[in-house]
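Each chain is listed here by its residues.
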Amino acid sequence: MSQPNQLRALLRTERLHVMPCCFDALSAKMIEQEGFGLTFMSGFATSASRIGAPDLGLMSYGEVVDQARNICDATSIPVIGDGDTGYGNAMNVRRTVAGFSRAGCAAVMIEDQVAPKRCGHTPGKEVVGRDEAFDRIKAAVDARADDDILILARTDARHQHGLSEAIDRAAKFAELGADILFVEAPKTVEEMRRVCSELPGPKMANIVEGGETPNLSHDELRDIGYAIAAYPLTLMAAAMKAMSGALHALHDDTDRAPMLMDFAELRDRIGFNDYYTVSSAYETSKRDH
């Protein structure tokens, strides 16, 4: 089954799909190894890991699609790519959707922020006018007709114009044909309930630990009505904290063994054992062991 069809099948089930977000091929592979059914390429975490810079529109379209391709190549579960604002006008949006489809993504997110965009839980966000926002989603849906990919339509209008405007925009996105709706950064449980009760189809919650949206339990998110719960920074924050601790231990020459994954498990998770198993069928490859 293709990644888009896998995602469609997941969305037909009446349950919450917990979605840890990846930032590179290894993090995506580990998400699949731990039994999660889908992942999202976090723009925040990808920008941090690929260019060591904040998610403020600094990565180019080419860099983002290249990262998406590496992630999709490393995993068999559905991957949702971060298409940002579409990198230009409606014609750029069409190219962005096609590019993410060719990279292997099951879905691509297109949002209504002013370019260059900002992380959804940081200051200074602005959104484009309704007509431009709708044109972006219309162009994405039109491009979907040529490529097997789902459209995740995001609005950040809550920050600048209030929740009602955000819901109105998302409702129009659904009318235009978006497959999944994402109203970013509702600030209370009641706002989250409004999003889910007033909008059709599958909705995604974005849970940033320390961010503006309440960090509810999985059961609470399911009962409110969300189909997907994205955790965009959980792995990045955990990895950075672990690396910082190990670096301090190395610098101070203290015991770092408790902080480290066993070398045998590390090799297995990366894929050394699978490589050796497959390569054993070829005499010339055996020399690499």
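Relevant structure appears above.
I will try to describe carefully the structure that is included in this document. (Residues numbered from 1 in each chain as written. Predicted model: local features only at pLDDT ≥ 70, side-chain atom pairs only at ≥ 80, totals over all residues. Heavy atoms only, no water.)

### Some thoughts on the overall build of the chain
Link 1 in the chain: Secondary structure summary: the chain contains 14 helices and 8 strands in total.
Link 2 in the chain: By the compact-globule yardstick of 19 Å for 289 residues, the chain fits well, its C-alpha radius of gyration being 20 Å.
Link 3 in the chain: In terms of overall dimensions, the chain has C-alpha extents of about 60 × 45 × 35 Å along its principal axes.
Link 4 in the chain: Burial status across the chain gives 47% buried among its 289 residues. (Helix = DSSP H or I, 4+ residues; strand = E, 2+ residues; numbered from the N terminus. Rg over C-alpha atoms; globule rule 2.2 N^0.38 Å. Buried < 20%, exposed > 50% of the residue type's maximum accessible area, 1.4 Å probe, protein only.)

### Some thoughts on the layout of surface pockets
Link 1 in the chain: In this model, the largest pocket occupies a volume close to 670 Å³.
Link 2 in the chain: As for the largest pocket, its lining consists of 23 residues, of which L26, M30, A239, A242 and M261 are closest to the centre.
Link 3 in the chain: At the level of elements, α2 (25–33), α11 (234–252) and α12 (263–270) are the ones that each hand at least two residues to the lining of the largest pocket.
Link 4 in the chain: Partitioned by chemical class, the residues of the lining of the largest pocket number 18 nonpolar, 2 polar and 3 charged.
Link 5 in the chain: By volume, the second largest pocket is sized at about 190 Å³.
Link 6 in the chain: Residues belonging to the lining of the second largest pocket are distributed by class as follows: 7 nonpolar, 5 polar and 4 charged. (1 Å grid on protein atoms, 1.4 Å probe; cavity = no way out; pocket = protein on both sides within 12 Å on 5 of 7 lines; lining within 4 Å. Points joined across faces, edges and corners; volume = space filled by probe spheres on them. Nonpolar A, V, L, I, M, F, W, Y, C, P; charged D, E, K, R; others polar.)

### A short note on the pairing of strand β3 (residues 79–82)
Link 1 in the chain: Neither face of β3 is open: one carries V79 and G81, the other I80 and D82, and all of them are buried.
Link 2 in the chain: Across 3 bridges, β3 lies against strand β4 (residues 107–111) in parallel orientation. Each residue of the ladder has a partner; that of I80, found in β4, is A107.
Link 3 in the chain: Handedness of the crossover joining β3 and β4 through helix α5 (residues 90–103): right-handed. (Pairing = 2+ DSSP bridges. Right-handed = clockwise from strand over helix to strand, strands pointing away.)

### What about the packing of aromatic side chains?
Link 1 in the chain: With the rule as written, the count across this model stands at 4 aromatic pairs.
Link 2 in the chain: Ring centres 5.6 Å apart and planes at 65° place the aromatic pair Y61 and Y87 in the edge-to-face group. Here Y61, found in helix α4 (residues 61–74), pairs with Y87, found in the loop between β3 and α5; they are 26 residues apart in sequence, far enough to count as distant.
Link 3 in the chain: Above the face of the F263 ring, R267 is positioned so that its terminal group lies 4.5 Å from the ring centre. (Phe/Tyr/Trp six-rings, centres within 6.5 Å; stacked < 30°, edge-to-face > 60°. Lys NZ or Arg CZ within 6 Å of the ring centre and 35° of its normal.)

### Topic: helix α8 (residues 163–176)
Since the α-helix packs 3.6 residues into each turn, any two residues three or four apart lie on the same face.
Link 1 in the chain: An ideal rise of 1.5 Å per residue puts 20 Å on 14 residues; α8 measures up with 20 Å between its terminal C-alpha atoms.
Link 2 in the chain: Positive backbone phi, at 115°, marks G177, one or two positions downstream of α8. (Expected span 1.5 Å × (residues − 1).)

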